[in-house]
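Structure at a glance
Residue strings, one per chain:
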Amino acid sequence: SQKIEQNSEALNIQEGKTATLTCNYTNYSPAYLQWYRQDPGRGPVFLLLIRENEKEKRKERLKVTFDTTLKQSLFHITASQPADSATYLCAQGDTGFQKLVFGTGTRLLVSP
Amino acid sequence: EPEVTQTPSHQVTQMGQEVILRCVPISNHLYFYWYRQILGQKVEFLVSFYNNEISEKSEIFDDQFSVERPDGSNFTLKIRSTKLEDSAMYFCASSENANTEAFFGQGTRLTVV
């Protein structure tokens, strides 16, 4: 079955640094990955989607990579700010299916 | 900016009662979904809906659950006889096409007592 793993430990970084979050998948090669931000008690907010034939995607301070050899996606936030503190979710999807399979998420804490 | 809206934001119900959670997806989207998140756990897929019928469902989505699009704008999730373990955040989502970005609502917190 599809399995997607994110580091469950919180990531603490200082304001201005680059945050890098990891998403690993096993047992399956997804057609695409989606990254979401989730604040406590709120719904996931879509950030970026990257497909298996794309190596990298960017949006403002965000960058996501997709390495099908390592079975891994990296999510970067450059020039991080305290407002970036949240849980970041990785979700995998596949052509022919509509469901997303989510990871547990990684909590990011950016201190001033 | 268009968004998915859900009502109510919080619902408390007694075990065995029926509940209906409501959602208004983004207007030009064709695919609609329900997900749930038990406190402290992953977001889990329940069901997807396209062209007025269920297109995919998970093993969680048993006979106690049903979905409906009663009119051109609303999308509902009904739980027929709630159990304590149904307590969770329920998220509605929609997407323009099958494998494009999905946009989520703010959720309904369901508490079964």
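Below or above, wherever it landed, is the structure these notes cover. (Residues numbered from 1 in each chain as written. Chains lettered and ligands numbered in written order. Predicted model: local features only at pLDDT ≥ 70, side-chain atom pairs only at ≥ 80, totals over all residues. Heavy atoms only, no water.)

Quick look at the state of the cysteines now. What the rule picks out here adds up to two disulfides over all chains. Shown here is the disulfide that connects A:Cys23 with A:Cys90, its sulfur atoms set 2.0 Å apart. Residues A:Cys23 and A:Cys90 share a disulfide whose torsion about the S-S bond is about -70°; that sign makes it left-handed. Placement of A:Cys23 in strand E3 (residues 19-26) and of A:Cys90 in strand E9 (residues 86-93) is noted, with a sequence separation of 67 residues between them. Of the two residues, A:Cys23 and A:Cys90, both sit in the buried class. The disulfide bridge from B:Cys23 ends at B:Cys92, spanning 1.9 Å between sulfur atoms. Negative torsions about the S-S bond denote left-handed disulfides, and the value of about -65° found for B:Cys23 with B:Cys92 makes this one left-handed. A residue pair is termed long-range when its members are at least 10 positions apart, and B:Cys23 in strand E3 (residues 19-24) and B:Cys92 in strand E9 (residues 88-95) qualify at 69 residues. Each member of the pair, B:Cys23 together with B:Cys92, is buried. (Disulfide = S-S within 2.5 Å. Helix = DSSP H or I, 4+ residues; strand = E, 2+ residues; numbered from the N terminus. Buried < 20%, exposed > 50% of the residue type's maximum accessible area, 1.4 Å probe, protein only.)

Okay, the sheet that holds E3(A) next. Residues and elements named next belong to chain A. Strand order in the open sheet formed by five strands is E1-E3-E8-E7-E6, and the pairing between neighbours is antiparallel. Pairing within the sheet leaves two strands with one partner each, and these edge strands are strand E1 (3-6) and strand E6 (56-59). Looking at each pair of strands side by side, their axes are set apart by 15° on average, direction ignored. Strand direction decides the pairing type here: E3 and strand E8 (residues 72-77), joined by six bridges, are antiparallel. Bridge assignment links Leu21 to a residue of E8, and that residue is Phe75. (Pairing = 2+ DSSP bridges. Axes fitted to C-alpha atoms, helices over the stretch in contact; angles between N-to-C directions.)

What follows deals with the interface of chain A and chain B. Contacts between the two partners involve 23 residues from chain A, matched on the other side by 22 residues from chain B. Between chain A and chain B, roughly 1800 Å² of surface is buried when both sides are summed, and carbon and sulfur atoms account for 53% of that area. Inspection of the region where chain A meets chain B yields zero salt bridges. Secondary structure elements with two or more residues in the side of chain A that touches chain B: strand E4 (32-38) and strand E5 (45-51) of chain A. (Contact = heavy atoms within 4.5 Å. Buried area = accessible area lost by both parts, 1.4 Å probe. Salt bridge = Lys/Arg side-chain N within 4 Å of Asp/Glu carboxyl O.)

Residues and elements named next belong to chain A. Only one face of strand E11 (residues 106-111) is covered, namely the one carrying Thr106, Leu108 and Val110; the face carrying Arg107, Leu109 and Ser111 has none of its residues buried. Judged from the four bridges that link them, strand E2 (residues 11-14) and E11 form a sheet pairing that is parallel. Bridging from a neighbouring strand, Ile13 pairs with Val110 of E11. Inspection of the sheet shows E9 paired to E11 by three bridges, in the antiparallel sense.

Whether parallel or antiparallel, the strands of a sheet pair through hydrogen bonds between backbone atoms. All names here are of chain B. If you trace the four strands from one edge of the open sheet to the other, you get E1-E3-E8-E7, paired in antiparallel fashion. Because the sheet does not close on itself, it has two edges, and the strands there are strand E1 (5-7) and strand E7 (65-68). Put simply, the sheet's adjacent strands are angled 20° from each other on average, direction ignored.

Our focus in this paragraph is the pattern of salt bridges. Within this structure, the stated rule accounts for seven salt bridges over all chains. As a salt-bridge pair, A:Glu56 and A:Arg58 come within 2.9 Å of each other at their nearest N and O atoms. Note that B:Arg36 is salt-bridged to B:Glu44, the shortest N-O span being 3.2 Å. The class of B:Arg36 is buried, set by a relative accessible area of 10%. Given the relative accessible area of 25%, B:Glu44 is considered partly exposed.

With that settled, consider the side chain of A:Asp94. On the secondary structure map, A:Asp94 appears in the loop between E9 and strand E10 (101-102). At 9.1 Å, A:Arg51 is the nearest oppositely charged side chain to A:Asp94, a buried residue that forms no salt bridge. (Lys, Arg positive; Asp, Glu negative; His and termini not counted.)

So, about the environment of B:Ala102. The topology assignment puts B:Ala102 in the loop between E9 and strand E10 (103-104). Using a relative accessible area of 4% as the deciding quantity, one classes B:Ala102 as buried. For the pair B:Ala102 and B:Tyr33, spaced 69 residues apart in sequence, the C-alpha to C-alpha distance is 8.8 Å. Residues in contact with B:Ala102, not counting those within four places in the same chain, are A:Gln34, A:Tyr36, A:Phe46, A:Leu100, B:Ser94 and B:Ser95.

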